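A closer look at the structure
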Amino acid sequence: MNRMTNQEQKSLKKTMILLLLLLVALATAIGVFVWILAEETLLGYRLIGVVLLAVLVALSIIALSGMVAFRRLWYNKPIPIWMFSMSHFFLRWLYPTLTHMSLWFNIDKDDIRRAYTRLNNQALLNHKKRYNADEVLILTPHCLQQAACGIKITNDITQCTECGACNISGLLDLQRRYQVEVVVVTGGTLARKRIQDMKPALVIAIACERDLMSGLMDVRQLPVYALTNERPEGPCHNTRVNLLEVEQVLKRFIKR
Ligand code: SF4
């Protein structure tokens, strides 16, 4: 659970390169602004320039904190919670810019999402907090269910007859053994509603990189451990999850 996969390492490296490029661009812009301000004599233009300069400096500090957090993650060092909060803030503001930049450098957006998910998970692992089993909610997408299965499990996962054709049976087994709630959702809106209704203290979310990223951005006050699903048959169809990893996460976070 703690070791980074090769794919995560590659994603982290690419995201750090993008951040470095962004920092260089911001530093250049700051330099140009300072130079323009030094030349400007009109007070109005000077004030506007100072405000823009302050914004650029703030963005640079935020990007730098993200860069430092990713670097610590790379060297497997603990990430202080304040640094994670700043990185979280940084991604909300700089994520659209980074994804645009990723297009120019032919970097997959999922690399940025994967790097952030890893950062998020590591911050939770560093925190060392544990939860009662009834405070933990596992949220999983509907595409984890075998497409050919006719059983409706979105309201109640216990309807699964455990034929073993998909990972739902494994999750049902974990629900029973660890006494946690497992909910299958058909989209982000329903996921948010379930969180509002059930008020868990910890969510273990299973989804693709894009959905995990938007979920992590949405529920800022709630700890969410994010697990990327496997998609051997393409997106949103007969997806899988590493049940051993889900169980490891449960063992790590549930009070014994
Ligand atoms: S494990 Fe459950 S949900 Fe999956 S195909 Fe079998 S009966 Fe359907």
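This structure is a prediction, so every number in the text was calculated from the model and none was measured.

The rules behind the values
Residues numbered from 1 in each chain as written. Predicted model: local features only at pLDDT ≥ 70, side-chain atom pairs only at ≥ 80, totals over all residues. Heavy atoms only, no water. pLDDT = per-residue confidence, 0-100. Helix = DSSP H or I, 4+ residues; strand = E, 2+ residues; numbered from the N terminus. Salt bridge = Lys/Arg side-chain N within 4 Å of Asp/Glu carboxyl O. Buried < 20%, exposed > 50% of the residue type's maximum accessible area, 1.4 Å probe, protein only. Pairing = 2+ DSSP bridges. Right-handed = clockwise from strand over helix to strand, strands pointing away. Contact = heavy atoms within 4.5 Å.

Here we come to the confidence of the model for the protein. Within the protein, residue pLDDT values average 88, and 98% of them lie at 70 or more. When mean pLDDT is compared element by element in the protein, helix α5 (residues 168–178) scores highest at 97, while helix α3 (residues 81–104) scores lowest at 78.

It is worth spelling out the pattern of salt bridges at this point. Pairing between side chains of opposite charge can happen when their charged atoms approach one another. Under the definition given, this model contains eleven salt bridges. The partner of Asp111 in a salt bridge is Arg114, with the nearest N and O atoms 3.1 Å apart. One end of the pair, Asp111, and the other, Arg114, are both in helix α4 (residues 109–127), three residues apart, so they sit about a helical turn from each other. Each member of the pair, Asp111 as well as Arg114, carries the same accessibility label: buried. With a closest N to O distance of 2.5 Å, Glu162 and Arg176 form a salt bridge. Of the two residues, Glu162 sits in the loop between β1 (136–141) and α5 while Arg176 sits in helix α5, which places them 14 residues apart along the sequence. Put simply, Lys14, Asp111, Arg114, Glu209 and Arg231 are held in one network by salt bridges that share partners.

Here the focus is the pairing of strand β4 (residues 224–228). The buried fraction of β4 is high, at four of five residues. Pairing of strand β3 (residues 202–207) with β4, which is carried by five bridges, proceeds in the parallel orientation. Its bridge partner being in β4, Ile204 is matched across the sheet by Tyr225. Crossover connection from β3 via helix α7 (residues 209–218) to parallel β4: handedness right-handed.

Among the secondary structure elements, Lys255 is positioned in the segment after α8 (243–253). Measuring from C-alpha to C-alpha, the distance between Lys255 and Lys129 comes to 9.0 Å, with 126 residues separating the pair along the chain. Sequence-distant contacts of Lys255, that is, excluding residues within four places in its chain, are made with Arg130, Tyr131 and Asn132.

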